[in-house]
Amino acid sequence: MNIFNGKFPVCYGQFYFLSTDDWDGDLMHCFPCQENGLCGVSSKGVVFFITGLHTGNITLKVILHSSEPELDQSKDEIVEASFTVSDLPMKLEAWGGELVKDTELSPGTYRIRYGAKNFGVAEELGKFEEGDIECYDVDIWPAPYSKDEIIKVTSEQAMYWHSEIKKHQK
């Protein structure tokens, strides 16, 4: 099921899945005890995504699969994590509620694969609004809980976020 496919606004290099009004907005509350620094799932009711672009538009594709999809090795950055959807609706949201879309995810445990192509390149090129430089895929499928993992990392910026999470765990 295609949840979202198109240009998506980001601010402060982030967007979310949210099913709570109680979240304090602190990204570090979303990453404790995790390996990856791009997709935080440690705060109940929140999935926190980091992008390479600080402010502007990205291309975003969010797809719900019935089973684990094939790994797309063309992505430069790939991480996986598990999260749980409660009986509250989970929304895809841009920072500040600029764009909000229902994910239509049923309650249960899911695996999420977050992949990026050209992570941080739009920022380097000074092309913030186009939305066709940095491309992000979010693949979701029902699966038992398992530890998050970094599958592929190529950019210095993604490496920074992975190492930043480790620093705050000490």
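Caption draft 1: Spatial organisation of the overall build of the protein. On a plain count of helices and strands, the protein comes out with two helices and eleven strands. Ordering the α and β elements of the protein from the N terminus gives β-β-β-β-β-β-β-β-β-α-β-β-α. Taking 15 Å as the expected radius of gyration for a compact globule of 170 residues, we find that the protein reaches 15 Å, a close match to that expectation. Dimensions along the principal axes, computed over C-alpha positions, put the protein at roughly 40 × 35 × 35 Å. Out of the 170 residues belonging to the protein, those deemed buried represent 49%. Counting only contacts in the protein whose residues sit at least 6 apart along the sequence, the fraction spanning at least 24 positions is 78%. For the protein, the accessible surface area stands at approximately 8200 Å², while carbon and sulfur atoms represent 51% of it. One finds the centroid of the 15 positive side-chain charges in the protein at a distance of 3 Å from the centroid of its 28 negative side-chain charges.

Caption draft 2: Summary view of the pattern of salt bridges. The full count for this structure, using the stated rule, is eight salt bridges. The salt bridge partner of Arg-113 is Glu-68, with a shortest N-O separation of 2.9 Å. Taken together, the positions of Arg-113 in strand β9 (residues 108-117) and Glu-68 in the loop between β5 (56-64) and β6 (77-85) put the pair 45 residues apart, joining distant regions of the chain. Arg-113 sits in the buried class, given a relative accessible area of 5%. Across the pair Lys-117 and Asp-76 runs a salt bridge whose closest N-O atoms are separated by 3.6 Å. Remark: Asp-76 occurs in the loop between β5 and β6 and Lys-117 occurs in strand β9; sequence separation between them is 41 residues.

Caption draft 3: Layout of the packing of aromatic side chains. Following the criterion strictly, the structure yields 14 aromatic pairs and no others. Ring centres of Phe-15 and Phe-49 lie 4.6 Å apart, and the angle between their planes is 15 degrees; this geometry places the pair in the stacked category. Separated by 34 residues along the polypeptide, Phe-15 in strand β2 (residues 14-18) and Phe-49 in strand β4 (residues 46-50) bring together distant segments of the chain. The two residues Phe-15 and Phe-49 agree in class, both being buried.

Caption draft 4: Summary view of the sheet that holds strand β8 (residues 100-102). Across the sheet, which stays open at both edges, the five strands sit in the order β3-β4-β2-β7-β8 with antiparallel pairing between neighbours. Two strands in the sheet have a free side with no partner beyond their single neighbour: β3 (39-40) and β8. Sheet topology places β2 next to β4; five bridges connect them, and they run antiparallel. Bridging across to β4, Phe-17 finds its partner in Val-47.

Caption draft 5: How the structure looks around a negative patch on the surface. Taken together, the side chains of Glu-98, Glu-129, Glu-130 and Asp-132 define an acidic patch exposed on the protein surface. Of note, Asp-132 is situated in the loop between α1 (121-125) and β10 (135-142). By relative accessible area, Asp-132 is classed as exposed at 55%.

Basis of the calculations
- Residues numbered from 1 in each chain as written.
- Predicted model: local features only at pLDDT ≥ 70, side-chain atom pairs only at ≥ 80, totals over all residues.
- Heavy atoms only, no water.
- Helix = DSSP H or I, 4+ residues; strand = E, 2+ residues; numbered from the N terminus.
- Rg over C-alpha atoms; globule rule 2.2 N^0.38 Å.
- Buried < 20%, exposed > 50% of the residue type's maximum accessible area, 1.4 Å probe, protein only.
- Contact = heavy atoms within 4.5 Å.
- Areas by Shrake-Rupley, 256 points an atom, 1.4 Å probe, with all protein chains shown as cover.
- Lys, Arg positive; Asp, Glu negative; His and termini not counted.
- Charge placed at Lys NZ, Arg CZ, Asp CG, Glu CD.
- Salt bridge = Lys/Arg side-chain N within 4 Å of Asp/Glu carboxyl O.
- Phe/Tyr/Trp six-rings, centres within 6.5 Å; stacked < 30°, edge-to-face > 60°.
- Pairing = 2+ DSSP bridges.
- Patch = residues over 30% accessible without salt bridge, like charges linked within 9 Å, V, L, I, M, F, W, Y side chains within 5 Å.

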